[in-house]
Amino acid sequence: MWIAYKTIVVKEILRFTRIWVQTIFPPIITTSLYLLIFGGLMGERIGDMQGVDYLHFIIPGIILMTVIQNSYANTVSSFFLAKFNNSIEELLISPVSYWVILLGYISGGIVRGFVVGLGVFIAVSFFVELQIYNIWIVLMTFLLTAILFSLAGFINAVFAKSFDDISIVPTFILMPMTYLGGMFYSVEILPEFWQTLSKFNPIYYMVDSFRMGFLGSSTTDLLVSMLVLTTMIMVLAIVAFYLLKKGVNIKT
Amino acid sequence: MLQALSISNLTKTYANNMKALSSVNLSVEQGDFFALLGSNGAGKTTMIGIICSLLNQTSGEVLVLGKDQTKHLNEVKRMIGLMPQEFNFNPFEPVEEILVNQAGYYGIDRSSAKAQAEILLKRMELWDKRLDMAKSLSGGMKRRLMLARALIHQPKILILDEPSAGVDVEIRRSMWKFLRELNDQGMTIILTTHYLEEAESLCRNIAILDKGKIVEQTSMKKLLARVSQQVLILESTEQLPDILPALDFKIERLDAYSIQVSLNDVNISQALIALSENKIEIEHVRSAQNRLETLFLRLTSKAG
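Residues numbered from 1 in each chain as written. Chains lettered and ligands numbered in written order. Predicted model: local features only at pLDDT ≥ 70, side-chain atom pairs only at ≥ 80, totals over all residues. Heavy atoms only, no water.

1. Examining the overall build of chain A
Then step 1. What chain A contains, in helices and strands, is twelve helices and two strands.
Then step 2. Relative to the compact-globule value of 18 Å for 252 residues, chain A shows a C-alpha radius of gyration of 18 Å, a close match.
Then step 3. Principal-axis analysis of the C-alpha atoms gives chain A an extent of 60 × 35 × 35 Å.
Then step 4. Buried residues in chain A amount to 53% of all 252 residues.
Then step 5. By sequence separation, contacts in chain A at least 24 residues apart represent 81% of the contacts at least 6 residues apart.
Then step 6. With an accessible surface of roughly 11,500 Å², chain A has 71% of that area assigned to carbon and sulfur atoms.
Then step 7. Charged side chains in chain A number 13 positive and 13 negative. The centres of these two groups are separated by 16 Å. (Helix = DSSP H or I, 4+ residues; strand = E, 2+ residues; numbered from the N terminus. Rg over C-alpha atoms; globule rule 2.2 N^0.38 Å. Buried < 20%, exposed > 50% of the residue type's maximum accessible area, 1.4 Å probe, protein only. Contact = heavy atoms within 4.5 Å. Areas by Shrake-Rupley, 256 points an atom, 1.4 Å probe, with all protein chains shown as cover. Lys, Arg positive; Asp, Glu negative; His and termini not counted. Charge placed at Lys NZ, Arg CZ, Asp CG, Glu CD.)

The following block contains the structure:
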């Protein structure tokens with residue numbers, strides 16, 4: 001099983017590194033633009049947020065946004081393409097358990113999230129002096145976020161029947177959730193109703209705890225954030241496994 | 001003797017209520033070279049899909065070397081190698097990587113997989129293409145890549161779904177030679193094909209599937225022995241009379257110089273004598289139909 005798992009992960013890594021111009025390079029450019037515009041040009045006018053200057057405030061959110069987008073994009077595109085060109089049959093006829101298939105794809109998403117997140121972190125370091133309050137919180141939040149969105153991407157790929165279906169969720173659900181999850185602002189500045197609503201958005205907990213790891217300040221209890229993320233991962237993992245085992249849109 | 005494959009009451013009904021297989025019973029002996037024939041939509045690919053775990057059956061039992069597919073799924077998967085009808089690899093992966101990855105899914109470590117891939121790619125005349133993306137291969141090369149991939153984990157049973165489609169004559173012959181060698185080494189081979197000549201030339205036993213049902217399962221020899229009717233095309237050097245004589249066998253005009261005769265109880269020399277007595281002199285004789293094709297059409301109710 002270990003060899004099969006390693007094979008899927010290596011295949012996934014080779015897949016996105018082979019097309020690094022599409023997968024690794026663009027997020028770094030986009031992020032640098034975000035920092036230049038929102039942090040560098042507009043940041044000074046906005047002032048401090050959650051006790052730090054705006055540039056330092058938005059950096060964790062921007063890094064996490066790239067992790068979310070890339071972990072999701074990796075599993076959704078890779079698994080959908082495997083369905084599209086029928087190469088998923090290579091796995092289905094082999095004695096690889098469904099858990100191993102799922103873990104392999106999720107691991108691929110985590111690695112891409114890490115590579116791109118680290119790339120953005122390094123790119124940002126050229127412009128801003130970065131401080132990390134607690135590396136373990138940063139790594140733990142990264143890991144949970146990457147797992148969660150790799151799973152979400154996988155489920156999207158299972159249901160997707162066309163290329164449109166793999167871009168609808170990121171555009172119309174993921175992007176608004178990311179932007180409304182406190183990536184560019186502290187939820188403390190929102191009216192109470194919107195603050196309460198934000199707490200139903202899982203991205204809020206990720207951004208908050210990731211920011212805690214960088215800046216040492218958060219708007220919600222770290223333990224609550226971890227609990228929310230872990231629960232969501234468990235739910236999505238069970239759903240993804242069930243879909244795979246049932247062969248939904250894969251086996252008839 | 002333990003059967004390589006034993007299928008009982010296999011039924012498959014798709015979600016749209018289309019019944020692709022209905023209570024199919026089939027058995028294939030170990031070491032056999034077995035042909036599964038059927039026209040398009042007969043249910044061949046569905047049956048193969050179920051045997052290889054790509055499709056779920058509605059009901060019925062599949063035993064592979066005595067192991068129940070539902071109870072010993074992984075063991076069964078290890079015993080089977082599949083070369084499907086449609087290309088089903090990632091076209092953006094290099095040729096060698098496709099084989100090495102497939103071996104990895106079967107738990108074969110990378111160095112052993114690379115060694116086995118080298119043997120197979122050389123045998124398939126694809127070694128020079130090992131670093132090329134699969135999409136750059138020709139149709140015939142892609143088929144050979146899929147054959148190599150089906151063999152990478154050294155299965156006991158090889159299932160080939162239309163292996164010769166799009167392969168030129170020379171490569172097809174060399175593929176047949178290779179398949180015969182594998183069969184001589186003890187590998188059970190199950191083949192579906194549209195080239196009836198391929199089945200006649202390679203296979204010892206045969207089953208014919210029609211509209212989801214097995215209409216015939218026997219040895220190739222016995223089946224061909226049943227073709228009592230011989231259909232021949234006879235060509236004359238002189239123009240044939242406008243009205244053909246009534247003889248003891250069926251006679252049909254094809255054009256001004258040739259006729260087609262269907263011989264049942266009459267042999268060829270009797271037929272030629274009878275024609276000569278009616279002033280029809282024959283210069284050339286040739287077979288009108290492949291024998292297996294004749295039978296196939298008869299069994300699947302498609303003859304004229």
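So much for the structure itself; the text now carries on.
2. Focus on the pattern of salt bridges
Then step 1. Summed over all chains, the structure comprises eleven salt bridges over all chains.
Then step 2. As a salt-bridge pair, glutamate 90 of chain A and arginine 149 of chain B come within 2.7 Å of each other at their nearest N and O atoms. Within this pair, whereas glutamate 90 of chain A is found in helix α6 (residues 88-92), its partner arginine 149 of chain B is found in helix α5 (residues 139-151), the two belonging to separate chains. We note that glutamate 90 of chain A, like arginine 149 of chain B, is buried.
Then step 3. The salt bridge partner of lysine 71 of chain B is aspartate 68 of chain B, with a shortest N-O separation of 3.9 Å.
Then step 4. For aspartate 68 of chain B, a relative accessible area of 12% translates into the label buried. (Salt bridge = Lys/Arg side-chain N within 4 Å of Asp/Glu carboxyl O.)

3. Focus on the domain arrangement of chain B
Then step 1. In terms of domain boundaries, chain B breaks down into domain 1 (3-225) and domain 2 (230-299).
Then step 2. Its C-alpha centre places domain 1 of chain B at a distance of 40 Å from the equivalent point of domain 2 of chain B. (Domains from an automatic or database assignment.)

4. Thoughts on the state of the cysteines
Residue and element names in this part refer to chain B.
Then step 1. Evaluation of the coordinates by the stated rule reveals zero disulfides over all chains.
Then step 2. Cysteine 52 forms no disulfide, and the closest cysteine sulfur to it belongs to cysteine 203, at a distance of 16 Å.
Then step 3. Of the residues examined, cysteine 52 reaches a relative accessible area of 4% and is grouped as buried.
Then step 4. Residue class for cysteine 203 comes out buried when judged on its relative accessible area of 5%. (Disulfide = S-S within 2.5 Å.)

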